[in-house]
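Residue strings, one per chain:
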Amino acid sequence: MTVRPQPGRPAASRSSRPVMLGQNQYGKAENRVVKITREGATHHIKDLNVSVALSGDMEEVHYSGSNANVLPTDTTKNTVFAFAKEHGIESAEQFGIHLARHFVTSQEPIHQARIRIEEYAWERIPASDANSQFIGADEVKHSFVRQGQETRLTQITYDGERWEVVSGLKDLVVMNSTNSEFWGYVKDKYTTLPEAYDRILATQVAARWRFNWTEDEQRMPQWETSYKQVKKHMLEAFAETYSLSLQQTLYQMGARIINHRAEIDEVRFSLPNKHHFLVDLEPFGLKNDNEVYFAADRPYGLIEATVLREGCEPRIPEDLTNL
């Protein structure tokens, strides 16, 4: 016969254990929620992957198994779906703010909520002829194709008083087919890389940026506009920088964002150098005049750095996988 332990009565005294509980959190990860907003025959889609992490007075559930302070993770999942209906999804950031505020203010044992969201973008499928009356012509208003570019990201943290919003993107692949060089670097006996005075520069951008909105009394950023403008300045800097190194391009991308977006104090990038090597065609009697390349997927150079507004302290983790 199995005897179940009584909650709140551990088999051994807690003080007798030579260990203690450190940082802890719990929640429901990767809640996929799709919200359709219908404006007559025209539909709009928000497609999110929402992860909730809660922390606070949770010592007893670890020490003794008492669930007295535990809001079930299934409840956090249900809240995500209910809030999509009750509040709608204006933006990933605004939706995360609604959730974080709810968990901290509605549950006394919960002192901090962290909401992480990935957003997957969709664009409309255009009809071949908007004026045609063939069957299904109206699908131009409610048919979509998943965009194959970046995934939008945000992380909202709230402790009942202060907010921290770190947004960003990943998997944004960009390329300059010229206006990039790499030469004048350190050489030792193991160096075989030839200097390049006209090369392809390509990378897969992972970026995070931190907003300086931290209190409800402050004016909240326009989240959708901010994201579009940050991406715009990032891409413009990549395209317009004559690059002597990927580090130089990274700095120009971050500086362009800081200089143009007053709501952002910090930007961190992780940029893998997606190497393109010229193929030797001379064995075939052909001259390769910067035309044919081999795209190598690994190993790759990895360039990472933070760009800050003067006077600001860095807060985005150095390892972006922590976000």
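Scroll up a little and you will see the structure.
Residues numbered from 1 in each chain as written. Predicted model: local features only at pLDDT ≥ 70, side-chain atom pairs only at ≥ 80, totals over all residues. Heavy atoms only, no water.

Caption draft 1: Structural detail: unusual backbone geometry. A cis geometry characterises the amide bond from Arg298 onward to Pro299, with omega recorded as -10 degrees. One non-glycine residue, Asp171, adopts positive backbone phi at about 65 degrees. Here Asp171 is to be found in strand E7 (residues 163-176). Given a relative accessible area of 33%, Asp171 falls into the partly exposed group. (Helix = DSSP H or I, 4+ residues; strand = E, 2+ residues; numbered from the N terminus. Buried < 20%, exposed > 50% of the residue type's maximum accessible area, 1.4 Å probe, protein only.)

Caption draft 2: How the structure looks around the pairing of strand E2 (residues 42-56). Burial within E2 is extensive, with eleven of its 15 residues counted as buried. Pairing between strand E1 (residues 31-39) and E2: nine bridges, direction antiparallel. Bridge pairing in E2 places Val34 opposite Asp47. Following E1, the chain reverses through two residues before pairing antiparallel with E2; Gly40 in that reversal takes a positive phi of roughly 65 degrees. Two elements, E2 and strand E3 (residues 110-120), share ten bridges in a ladder whose sense is antiparallel. Within E3, the position partnered with Val52 by the bridge is Ile115. (Pairing = 2+ DSSP bridges.)

Caption draft 3: Up close: the sheet that holds E2. With antiparallel pairing, the eight strands of this open sheet are ordered in space as E1-E2-E3-E6-E7-E8-E9-E12. The open sheet has two free edges, formed respectively by E1 and strand E12 (301-308), since each of these has just one partner strand. Within this sheet the neighbouring strands show an average axis-to-axis angle of 20 degrees, counted without direction. Against the sheet, helix H4 (residues 223-240) touches E2, strand E6 (151-158), E7, strand E8 (201-211) and strand E9 (264-273), its axis set at about 35 degrees to E7. Its contacts with the sheet place helix H5 (residues 246-260) against E8, E9 and E12, and it is angled at close to 155 degrees to E9. (Axes fitted to C-alpha atoms, helices over the stretch in contact; angles between N-to-C directions. Contact = heavy atoms within 4.5 Å.)

Caption draft 4: Spatial organisation of the packing of helix H2 (residues 73-86) against helix H3 (residues 92-106). Between H2 and H3, the least distance of the axes is 11 Å, while the angle of their chain directions is 130 degrees. Judged on the interaxial angle alone, H3 and H2 are oblique. Like other packed secondary-structure pairs, H2 and H3 cross with a definite hand, here right-handed. Where H2 abuts H3, its residues Thr76, Thr79, Val80, Phe83 and Ala84 lie against Phe95, His98, Leu99, His102 and Phe103. A class-by-class count of the residues in the contact of H2 with H3 yields six nonpolar, four polar and no charged. (Parallel < 35°, antiparallel > 145°, perpendicular 65-115°, else oblique. Left-handed = near helix turned anticlockwise from the far one by under 90°. Nonpolar A, V, L, I, M, F, W, Y, C, P; charged D, E, K, R; others polar.)

Caption draft 5: Quick peek at a nonpolar patch on the surface. Taken together, the side chains of Trp183, Tyr197, Tyr242 and Leu244 define a hydrophobic patch exposed on the protein surface, amounting to about 440 Å² of accessible area. The residue Tyr197 is located in the loop between E7 and E8 in this model. By relative accessible area, Tyr197 is classed as partly exposed at 48%. (Patch = residues over 30% accessible without salt bridge, like charges linked within 9 Å, V, L, I, M, F, W, Y side chains within 5 Å. Areas by Shrake-Rupley, 256 points an atom, 1.4 Å probe, with all protein chains shown as cover. Salt bridge = Lys/Arg side-chain N within 4 Å of Asp/Glu carboxyl O.)

Caption draft 6: Geometry of the layout of surface pockets. Reported here for the largest pocket is a volume of approximately 550 Å³. If you trace the largest pocket, you find 21 residues lining it, with Phe182, Leu193, Ala196, Arg199 and Phe277 closest to the centre. Listing elements by their share of the lining of the largest pocket, those giving two or more residues are H5, strand E10 (276-278) and E12. Partitioned by chemical class, the residues of the lining of the largest pocket number eleven nonpolar, seven polar and three charged. Here the second largest pocket is characterised by a volume of approximately 440 Å³. Along the wall of the second largest pocket there are 20 residues; nearest its centre are Glu119, Ala121, Trp122, Gln147 and Lys228. (1 Å grid on protein atoms, 1.4 Å probe; cavity = no way out; pocket = protein on both sides within 12 Å on 5 of 7 lines; lining within 4 Å. Points joined across faces, edges and corners; volume = space filled by probe spheres on them.)

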